[in-house]
Amino acid sequence: MPDPSVNPYLLLLAFITAGLDGISMKMKPPEPVNEDVFFEEKFDSVPLTFEEALREFESSKLRELLGKVGDQFLSVKRQELEDSLLSVTDWEWEVYKDV
(Lines give C-alpha, C1' and ligand atoms only; values in the text may rest on other atoms or scores of the structure.)
Protein backbone atom coordinates (compact mmCIF):
# COMPACT_ATOMS: atom_id res chain seq x y z
CA MET A 1 0.00 0.00 0.00
CA PRO A 2 1.45 3.40 -0.93
CA ASP A 3 1.83 6.37 1.35
CA PRO A 4 -1.45 8.30 1.76
CA SER A 5 0.20 11.47 0.44
CA VAL A 6 0.98 9.88 -2.92
CA ASN A 7 -0.25 11.61 -6.07
CA PRO A 8 -2.99 9.18 -7.19
CA TYR A 9 -2.55 10.05 -10.87
CA LEU A 10 1.18 9.34 -10.84
CA LEU A 11 0.61 6.17 -8.83
CA LEU A 12 -1.96 4.89 -11.31
CA LEU A 13 0.34 5.80 -14.21
CA ALA A 14 3.21 3.90 -12.57
CA PHE A 15 1.02 0.83 -11.92
CA ILE A 16 -0.34 0.76 -15.46
CA THR A 17 3.08 1.37 -17.02
CA ALA A 18 4.71 -1.36 -14.96
CA GLY A 19 1.85 -3.75 -15.70
CA LEU A 20 2.01 -3.13 -19.45
CA ASP A 21 5.77 -3.63 -19.39
CA GLY A 22 5.30 -6.92 -17.57
CA ILE A 23 2.72 -8.03 -20.14
CA SER A 24 4.93 -7.04 -23.09
CA MET A 25 7.84 -8.98 -21.57
CA LYS A 26 5.53 -11.95 -20.85
CA MET A 27 6.47 -11.89 -17.17
CA LYS A 28 4.60 -14.04 -14.69
CA PRO A 29 3.62 -12.33 -11.44
CA PRO A 30 5.19 -13.74 -8.28
CA GLU A 31 3.15 -15.63 -5.73
CA PRO A 32 1.28 -13.32 -3.33
CA VAL A 33 2.83 -12.67 0.07
CA ASN A 34 0.31 -12.98 2.89
CA GLU A 35 2.53 -12.38 5.90
CA ASP A 36 4.30 -9.53 7.65
CA VAL A 37 7.50 -9.06 5.67
CA PHE A 38 8.81 -6.02 7.52
CA PHE A 39 11.88 -7.84 8.84
CA GLU A 40 12.30 -10.32 5.96
CA GLU A 41 15.73 -10.08 4.39
CA LYS A 42 14.75 -11.84 1.17
CA PHE A 43 13.16 -8.60 -0.11
CA ASP A 44 14.98 -5.48 -1.22
CA SER A 45 14.90 -2.67 1.29
CA VAL A 46 13.43 0.71 0.48
CA PRO A 47 15.55 3.88 0.40
CA LEU A 48 15.93 5.52 3.80
CA THR A 49 16.29 9.11 2.59
CA PHE A 50 14.65 11.33 0.00
CA GLU A 51 18.00 11.75 -1.76
CA GLU A 52 18.56 7.99 -1.89
CA ALA A 53 15.04 7.48 -3.28
CA LEU A 54 15.72 9.99 -6.05
CA ARG A 55 18.95 8.20 -6.99
CA GLU A 56 17.08 4.88 -7.12
CA PHE A 57 14.32 6.36 -9.27
CA GLU A 58 16.83 8.07 -11.58
CA SER A 59 18.39 4.74 -12.53
CA SER A 60 15.12 2.77 -12.54
CA LYS A 61 13.36 1.12 -15.42
CA LEU A 62 10.16 2.87 -14.31
CA ARG A 63 11.68 6.28 -15.00
CA GLU A 64 12.73 5.06 -18.42
CA LEU A 65 9.23 3.73 -19.12
CA LEU A 66 7.55 6.95 -17.95
CA GLY A 67 9.62 8.98 -20.43
CA LYS A 68 9.07 12.74 -20.20
CA VAL A 69 6.73 12.38 -17.22
CA GLY A 70 9.47 10.52 -15.30
CA ASP A 71 12.06 13.12 -16.26
CA GLN A 72 9.83 16.00 -15.20
CA PHE A 73 8.92 14.27 -11.93
CA LEU A 74 12.61 13.74 -11.16
CA SER A 75 13.39 17.38 -11.95
CA VAL A 76 10.64 18.66 -9.64
CA LYS A 77 11.66 16.32 -6.82
CA ARG A 78 15.34 17.30 -7.14
CA GLN A 79 14.31 20.93 -6.74
CA GLU A 80 12.24 19.99 -3.67
CA LEU A 81 15.27 18.24 -2.19
CA GLU A 82 17.49 21.25 -2.87
CA ASP A 83 14.94 23.59 -1.29
CA SER A 84 14.60 21.36 1.76
CA LEU A 85 18.35 21.35 2.31
CA LEU A 86 18.31 25.15 2.51
CA SER A 87 15.78 25.29 5.33
CA VAL A 88 16.29 24.88 9.05
CA THR A 89 14.13 22.14 10.55
CA ASP A 90 12.36 22.40 13.91
CA TRP A 91 14.71 19.74 15.26
CA GLU A 92 17.82 21.68 14.18
CA TRP A 93 16.44 24.86 15.69
CA GLU A 94 15.70 23.21 19.03
CA VAL A 95 19.07 21.45 19.24
CA TYR A 96 21.31 24.28 18.07
CA LYS A 97 19.51 27.52 18.95
CA ASP A 98 21.56 28.06 22.14
CA VAL A 99 24.94 27.04 20.71
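Residues numbered from 1 in each chain as written. Predicted model: local features only at pLDDT ≥ 70, side-chain atom pairs only at ≥ 80, totals over all residues. Heavy atoms only, no water.

(A) Structural context of unusual backbone geometry. Even without glycine at this site, lysine 26 takes up a positive phi of about 55°. Mapped onto the secondary structure, lysine 26 falls in the loop between α1 (8-24) and α2 (50-58). On the basis of relative accessibility, which here comes to 73%, the residue lysine 26 falls in the exposed class. (Helix = DSSP H or I, 4+ residues; strand = E, 2+ residues; numbered from the N terminus. Buried < 20%, exposed > 50% of the residue type's maximum accessible area, 1.4 Å probe, protein only.)

(B) Quick peek at a nonpolar patch on the surface. Taken together, the side chains of Leu12, Ile16, Leu20 and Ile23 make up a nonpolar region of the molecular surface, amounting to roughly 420 Å² of accessible area. Here isoleucine 16 shows up in helix α1. (Patch = residues over 30% accessible without salt bridge, like charges linked within 9 Å, V, L, I, M, F, W, Y side chains within 5 Å. Areas by Shrake-Rupley, 256 points an atom, 1.4 Å probe, with all protein chains shown as cover. Salt bridge = Lys/Arg side-chain N within 4 Å of Asp/Glu carboxyl O.)

(C) The arrangement of the side chain of aspartate 21 in detail. For aspartate 21, the location among the structural elements is in helix α1. For aspartate 21, a relative accessible area of 15% translates into the label buried.

That's the geometry; what it means functionally is another story.
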